[in-house]
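# Geometric and topological summary
Chain residues, written in single-letter form:
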Amino acid sequence: MDVGCSEGRLTRHLKELGHRITGVDASPSLVTTACEADPSMDIRLADAAALPLDDASADLAVAIMSLHDIDAMPRAIGEIARILQPGGRLCLAIVHPINSSRGFERSEAGPPFVIKGSYLHPFSYSDTVERDGLTMTFHSQHRPLEAYFSALKDAGFLVEALRETGIPEEAIASEASRRWQRVPLFLHLRARRP
């Protein structure tokens, strides 16, 4: 199960690796794009907090860069636990909460990192990005690490691995991007349903 599959890029990659996979997303336009890219895939328009799969019907769920965009994140994690078989795993990646608590004073390599407001309290935020002539606005939720771990615990997951990732040296495109070697951009986590 690919939770928040977006345009289906990861879903297609997992299919190419031999997985039988279902993707879900709440955006009709992204589901349409995913279906057009590979009509043979099982892509469904659905809310992550009400997954359209039977109990214990999947052995793996991935939620890559989606849970921080889901308002009902604890319910979504509960739904993932419901559809996973005993021993099934959840692999997730989110914007690291230190990153979403806000950022550097300036865009060069060495400025101070500043938290505006409170890291410990959830809040909504939006980022507008322009790439290849397209402008996209992402609406997300900042939550402290505790919120994710509480949701995992409440759903019965056991965390097996956690990584805090920055930009590796080979991905540095400018001196300004070096600032993301000091503070993690993303949090990667693997959890198991007992």
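Check the entry above for the structure.
Now for a quick tour of the structure. (Residues numbered from 1 in each chain as written. Predicted model: local features only at pLDDT ≥ 70, side-chain atom pairs only at ≥ 80, totals over all residues. Heavy atoms only, no water.)

### What to know about the pattern of salt bridges
As enumerated under the stated definition, the model contains 14 salt bridges in all. For Arg-82, the salt bridge is made with Glu-79, and the minimal N-O distance between the two is 2.9 Å. In this pair, Arg-82 and Glu-79 are both assigned in helix α3 (residues 73-83), 3 residues apart and thus about one turn of the helix distant. With a relative accessible area of 26%, Arg-82 lands in the partly exposed category. Within this structure, Arg-89, Glu-160, Arg-190 and Arg-192 form a network of salt bridges that share partners. (Salt bridge = Lys/Arg side-chain N within 4 Å of Asp/Glu carboxyl O. Helix = DSSP H or I, 4+ residues; strand = E, 2+ residues; numbered from the N terminus. Buried < 20%, exposed > 50% of the residue type's maximum accessible area, 1.4 Å probe, protein only.)

### Considerations on the side chain of Ser-100
Within the secondary structure, Ser-100 sits in helix α4 (residues 97-100). Among the polar contacts made by the side chain of Ser-100, one reaches the side chain of His-142 at a distance of 2.6 Å. For Ser-100, the residues in contact, after removing those within four places along its chain, are Val-95, Phe-123, Tyr-125 and His-142. (Polar contact = N/O pair within 3.5 Å; in protein donor to acceptor, adjacent residues only side chain to side chain. Contact = heavy atoms within 4.5 Å.)

### So, the packing of aromatic side chains
This structure, assessed with the given rule, holds 3 aromatic pairs. Geometrically, the ring pair formed by Phe-104 and Phe-113 is edge-to-face, given 5.2 Å between the ring centres and 80° between the ring planes. Judged by centre distance (5.0 Å) and plane angle (85°), the ring pair of Phe-104 and Trp-180 falls under edge-to-face. Of this pair, Phe-104 sits in the loop between α4 and β6 (123-131) while Trp-180 sits in the loop between β8 (158-165) and β9 (186-192), placing them 76 residues apart in sequence. (Phe/Tyr/Trp six-rings, centres within 6.5 Å; stacked < 30°, edge-to-face > 60°.)

### Topic: α3
Structural remark: α-helix, 3.6 residues per turn; residues separated by three or four positions point the same way. Taken together, the buried positions of α3 are occupied by Met-73, Ala-76, Ile-77, Glu-79, Ile-80, Ala-81 and Ile-83. Here the buried face of α3 lies against β1 (2-3), β4 (58-64), β5 (84-95) and α5 (145-154).

### Observations concerning the layout of surface pockets
Approximately 1,600 Å³ is the volume attributed to the largest pocket. The wall of the largest pocket is formed by 42 residues, among which Ser-6, Met-65, His-68, Asp-69 and Phe-138 lie closest to the centre. For the lining of the largest pocket, the elements supplying multiple residues, two or more each, are α1 (9-16), β2 (22-25), α4, β6 and β7 (134-142). Considering only residue class, the lining of the largest pocket consists of 21 nonpolar, 10 polar and 11 charged. Roughly 400 Å³ of volume is contained in the second largest pocket. Around the second largest pocket, the lining is made up of 17 residues, and of these Met-1, Arg-20, Ile-21, Thr-22 and Asp-59 lie nearest the centre. Listing elements by their share of the lining of the second largest pocket, those giving two or more residues are α1 and β4. A per-element tally of the lining of the second largest pocket places β4 first, with 4 residues. (1 Å grid on protein atoms, 1.4 Å probe; cavity = no way out; pocket = protein on both sides within 12 Å on 5 of 7 lines; lining within 4 Å. Points joined across faces, edges and corners; volume = space filled by probe spheres on them. Nonpolar A, V, L, I, M, F, W, Y, C, P; charged D, E, K, R; others polar.)

### Some points on the state of the cysteines
Using the criterion set out here, one finds 0 disulfides in the structure. For the unlinked cysteine Cys-5, the closest cysteine sulfur is that of Cys-35, found at 8.1 Å. Note on Cys-5: relative accessible area 5%, which makes it buried. Unpaired in terms of disulfides, Cys-91 finds its nearest cysteine sulfur in Cys-5, a separation of 16 Å. Classification of Cys-91 by relative accessible area gives partly exposed; the value is 25%. (Disulfide = S-S within 2.5 Å.)

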